[in-house]
Amino acid sequence: MVGHVEAAHEERQGLTGMERLSLRVSEMINHPIAQLQRWVTIARLDSDGDREWDEVLGILADTDELELSHNDDGSVT
């Protein structure tokens, strides 16, 4: 089990900032609870670059099936 966790950690370290952010947002959107309640709040992490954050939000905003609400704390629902 430890080997599996270490391998996953090493694999994630090889990802670009955009890949890590996209993966995190995708996992949040596709999480069973988010799917059930039909919403999720995505907060920006300190490790998320400006360009990557703006690009991911742009992709989400361009997705017809999604409605974005920008929150006062900088997160997006």
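Structure's up top.
Predicted model only: the values in this text are computed from it and were never measured. (Residues numbered from 1 in each chain as written. Predicted model: local features only at pLDDT ≥ 70, side-chain atom pairs only at ≥ 80, totals over all residues. Heavy atoms only, no water.)

Trainee: An account of helix H4 (residues 50-61) is requested, with residue identities and associated values reported.
Mentor: With 12 residues, H4 should reach 16 Å at 1.5 Å per residue; the first-to-last C-alpha distance of 16 Å fits that figure. Regarding H4, the residues found buried are Glu52, Trp53, Val56, Leu57 and Leu60. Projection of H4 onto a plane perpendicular to its axis shows the buried side chains occupying an angular sector of 125 degrees, all on one side. Every exposed residue of H4 that faces more than 90 degrees away from the buried side is listed here: Asp50, Arg51 and Asp54. Packed against the buried residues of H4 are helix H2 (17-30). (Helix = DSSP H or I, 4+ residues; strand = E, 2+ residues; numbered from the N terminus. Expected span 1.5 Å × (residues − 1). Buried < 20%, exposed > 50% of the residue type's maximum accessible area, 1.4 Å probe, protein only. Arc of directions from axis to C-beta. Contact = heavy atoms within 4.5 Å.)

Trainee: Explain the nonpolar core residue by residue, including any values.
Mentor: Ranked by size, the top nonpolar core spans 11 residues in total: Met18, Leu21, Val25, Ala34, Val40, Ile42, Trp53, Val56, Leu57, Leu60 and Val76. Those elements giving two or more residues to this core turn out to be H2 and H4. With four residues, the top contributor of residues to this core is H4. Other than its neighbours up to four places away in sequence, Val76 contacts Val40, Thr41, Ile42, Trp53, Leu57, Leu68, Ser69, His70 and Asn71. (Core = buried A, V, L, I, M, F, W, Y, C linked by side-chain atoms within 4.5 Å.)

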